[in-house]
Amino acid sequence: GGSFFPLMKKGVKETLMDTKNFKNLCDRLLKKYGFKKKKTMYYKDSNDGIRCGVYLQRSYYGKVYYFNYYYFLDNSDVKVFPQYFEADVYGRITVLSKIKENNSYYQTELIKYELYEEKELEEYLEKGIQDEILLPVKKGRQVIYDMVKSGICIIYKFRSKEEEEVMQKLYDFKTGEGQKS
């Protein structure tokens, strides 16, 4: 079995991610948690009318992706798959950096996937999907209010009036007031 040795020579580089691996990993994880892909986004609906969207945003600065997620709060029409800019709330999951800052690794939104091995990145992404993105699907829409309040995600609107409207919606979810029964 001399054929075994050429594999050894390639070394560690083999196990690090490239763009294709990264996108496949994200696709596999999102589908595992019940997201369905429509065009460029992945969607999953909660039981109480929240549509959750995920969009992998490629950075202009090289081989970096952002793992963006969005909540659409009035998702009455199941057949309509809204674009990300129509979202009410927006967030990004973070991964542990590969590069140190002030002598330590840190949580970052910039996923420089080429620096990671698949298993490692899979753990971070899965944690983000489970502990962050899917919270409102698991615990109900009122959780989004707390997520926004604590700064985990932000209101995805550009004018303060709209921000107030979204906060009011979220507050209504939280208190159960003003909900159509």
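The shown structure was predicted, so the numbers you read here are calculated from the model rather than taken from an experiment.

Draft legend 1. Examining the pattern of salt bridges more closely. Taken as a whole and assessed by the stated rule, the structure comprises 11 salt bridges. With a shortest N-O distance of 3.2 Å, E122 and R28 are connected by a salt bridge. A residue pair is termed long-range when its members are at least 10 positions apart, and E122 in helix α3 (residues 118-133) and R28 in helix α2 (residues 19-32) qualify at 94 residues. For the salt bridge of E122 with K119, the shortest nitrogen-to-oxygen distance reads 3.2 Å. With E122 and K119 both in helix α3, this residue pair falls three residues apart, about one helical turn. Judged by relative accessible area, E122 falls into the buried class, the value being 9%.

Draft legend 2. Geometry of the nonpolar core. In this structure, F67, Y71, L121, L125 and L170 are the most contacted members of the largest nonpolar core, which totals 42 residues. Beyond its immediate sequence surroundings of up to four residues, L121 is in contact with M17, F22, L25, V95, I111, Y113 and Y116. Of all hydrophobic cores here, the second largest spans seven residues; its members include Y43, Y70, F72 and Y90.

Draft legend 3. Summary view of the sheet that holds strand β5 (residues 89-92). With antiparallel pairing, six strands are arranged side by side in an open sheet as β1-β2-β3-β4-β5-β8. Both outer strands of the open sheet, β1 (36-38) and β8 (154-155), are each paired with one neighbouring strand and no more. Where strand β2 (residues 41-45) and strand β3 (residues 51-58) come together, four bridges link them in antiparallel fashion. Following the sheet pairing, Y43 is matched in β3 by G53. On top of the sheet, α2 reaches β1, β2, β3 and β4 (65-72); it is set at about 25° to β4, its chief contact. The strands that helix α5 (residues 142-149) touches are β4, β5 and β8; relative to β4, the one it contacts most, it runs at about 130°.

Rules of the game
- Residues numbered from 1 in each chain as written.
- Predicted model: local features only at pLDDT ≥ 70, side-chain atom pairs only at ≥ 80, totals over all residues.
- Heavy atoms only, no water.
- Salt bridge = Lys/Arg side-chain N within 4 Å of Asp/Glu carboxyl O.
- Helix = DSSP H or I, 4+ residues; strand = E, 2+ residues; numbered from the N terminus.
- Buried < 20%, exposed > 50% of the residue type's maximum accessible area, 1.4 Å probe, protein only.
- Core = buried A, V, L, I, M, F, W, Y, C linked by side-chain atoms within 4.5 Å.
- Contact = heavy atoms within 4.5 Å.
- Pairing = 2+ DSSP bridges.
- Axes fitted to C-alpha atoms, helices over the stretch in contact; angles between N-to-C directions.

From the geometry alone we can't say anything about function, so treat these as descriptive.
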